[in-house]
Amino acid sequence: MITRLRSLTTRWTTFVPVLAAVLLIFTWGRKDLPGVVVALVTLVLAGAVLAAVHHAEVIAHRVGEPFGSLVLAVAVTIIEVALIVTLMADGGDKSSTLARDTVFAAVMITCNGIVGLCLIVASLRHGTAVFNPEGTGAALATVATLATLSLVLPTFTTSKPGPEFSGAQLTFAALSSLALYGLFVATQTVRHRDYFLPVSRQGAVITKEHHADAPNARTALISLGLLGLALIGVVGLAKGVSPTIESGVEAAGLHHAVVGVIIALLVLLPETIAALRSARRDRVQTSLNLALGSAMASIGLTIPAVALASVWLSGPLVLGLGSTHMVLLALTVVVSSLTVVPGRATPLQGGVHLVLFAAYLELAINP
């Protein structure tokens, strides 16, 4: 019976990414999809998210932490960056703020939404959520620095009118983002890898997991390919259903920024599910690696990409946040710092992060 279930799981996690890619080919570029097709796309999108999580876990089982969470975070972000640049190239009145809105949405979703949910799940299930403050603190400091340099400073610079960087400033921000992200990855995977490994209730670093034998190299490579295919399907199909989402948002009389939030939530679903599953297994450090790693990759890879794309794209590139969003970002950094310092958290800390995330959603709906 167990063998049959494993065989069934392997089959659908192989079939769904291929189906998502095929469906993406047939729906790409079409703005008015029939209701039946939208329902089918939504169903396949959900399946592709679950398949992506499965293949990410297979890879993580093969390479170990923190490489597993890094693979998923970078894979999603690279595809997300490609989507942002593609949408910016399409033009439109709102394309000038697309990169800023998407990156800020990713930061709020990961640092408050995913972190808050994981802390609550782990603390309710195991008493308290335990993690490594050294590694988590380093990740948080990098995210805070990247967000401030890329999203806050443009509001106050004077070389160019509006919340925009000049050419030299944008180049500096792009190079700084790449340098900081590269330095963090080297720290996480080479010099201080133990800072980013899960810890036991006694504070000891867990270097080995006691579970089934790791998959062989061939299985891991197949999962890597299917992970990429599934993530392309997730991001592409999310873009495909965005006109339907836009119509629904307009019909409900909501602010247009809600569309970006919904798309970001769909794109980040694989990381969210993977992080929650790790939190249920009392591996909160892995959850935080996923959340903060996704926020960091979103800024560290998006800003250089749009800076490069701005060479041939016409129109302004608005990166500076408004005053309301800067307050939310500052509060998120302060609260996250207080959460990280003790190395353990209760449902209270998770609830505080979720309230901040709820405030972000409320202000997106009613700015």
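Everything below is about the structure shown above.
Residues numbered from 1 in each chain as written. Predicted model: local features only at pLDDT ≥ 70, side-chain atom pairs only at ≥ 80, totals over all residues. Heavy atoms only, no water.

A. Quick look at the overall build of the chain. When its secondary structure is counted, the chain shows 12 helices and 2 strands. When the elements of the chain are put in sequence order from the N terminus, they spell out α-α-α-α-β-α-α-α-α-α-α-α-β-α. Across the 367 residues that make up the chain, the buried fraction comes to 50%. Counting contacts in the chain only where the partners sit at least 6 residues apart, residues at least 24 apart contribute 83% of the total. Accessible area of the chain: about 16900 Å², with a carbon and sulfur share of 67%. (Helix = DSSP H or I, 4+ residues; strand = E, 2+ residues; numbered from the N terminus. Buried < 20%, exposed > 50% of the residue type's maximum accessible area, 1.4 Å probe, protein only. Contact = heavy atoms within 4.5 Å. Areas by Shrake-Rupley, 256 points an atom, 1.4 Å probe, with all protein chains shown as cover.)

B. Focus on the nonpolar core. In this structure, Phe-104, Leu-329 and Tyr-360 are the most contacted members of the largest nonpolar core, which totals 67 residues. Those residues within four positions of Phe-104 in sequence are excluded, and the remaining contacts are Leu-151, Leu-321, His-325, Leu-328, Leu-329 and Tyr-360. (Core = buried A, V, L, I, M, F, W, Y, C linked by side-chain atoms within 4.5 Å.)

C. Helix 11 (residues 323-340), seen in detail. Taking 1.5 Å of rise per residue, the 18 residues of helix 11 would be expected to cover 26 Å, and the 26 Å separating its terminal C-alpha atoms lies within 8% of that figure. Within helix 11 the residues assigned to the buried category are Met-326, Leu-328, Leu-329, Thr-332, Val-335, Ser-336, Thr-339 and Val-340. Elements that come into contact with the buried residues of helix 11 comprise helix 4 (98-126), helix 5 (133-156), strand 2 (344-345) and helix 12 (347-365). (Expected span 1.5 Å × (residues − 1).)

D. Layout of the side chain of Thr-332. Along the polypeptide, Thr-332 turns up in helix 11. Judged by its relative accessible area of 3%, Thr-332 falls in the buried class. A polar atom in the side chain of Thr-332 sits 2.9 Å from the side chain of Asn-112. For Thr-332, the contacting residues outside a window of four places in its chain are Met-108, Cys-111, Asn-112 and Leu-356. (Polar contact = N/O pair within 3.5 Å; in protein donor to acceptor, adjacent residues only side chain to side chain.)

E. Layout of a nonpolar patch on the surface. Where nonpolar side chains cluster on the molecular surface, the patch consists of Val-18, Val-22, Ile-25 and Phe-26 and spans about 410 Å² of accessible area. Judged by its relative accessible area of 64%, Ile-25 falls in the exposed class. (Patch = residues over 30% accessible without salt bridge, like charges linked within 9 Å, V, L, I, M, F, W, Y side chains within 5 Å. Salt bridge = Lys/Arg side-chain N within 4 Å of Asp/Glu carboxyl O.)

F. Spatial organisation of the packing of aromatic side chains. Enumeration according to the criterion identifies 3 aromatic pairs in this entry. With a centroid separation of 5.4 Å and 85° between ring planes, the pair formed by Phe-184 and Phe-196 is classed as edge-to-face. A residue pair is termed long-range when its members are at least 10 positions apart, and Phe-184 in helix 6 (residues 167-191) and Phe-196 in the loop between helix 6 and helix 7 (217-251) qualify at 12 residues. (Phe/Tyr/Trp six-rings, centres within 6.5 Å; stacked < 30°, edge-to-face > 60°.)

G. Spotlight on unusual backbone geometry. The phi dihedral of Asp-282 falls on the positive side, at around 65°, and the residue is not glycine. On the secondary structure map, Asp-282 appears in the loop between helix 9 (269-280) and helix 10 (284-309).

H. Quick look at the pattern of salt bridges. Summed over the entire model, instances satisfying the criterion amount to 2 salt bridges. Here Asp-101 ties to Arg-100 by a salt bridge, and the two come within 3.1 Å at their closest N and O atoms. Looking at Asp-101, the relative accessible area reads 34%, which means it is partly exposed. A residue is classified by how much of its surface remains accessible, and Arg-100, at 16% relative accessible area, is buried. Put simply, Glu-164 and Lys-160 hold a salt bridge, and the shortest N to O gap is 3.6 Å.

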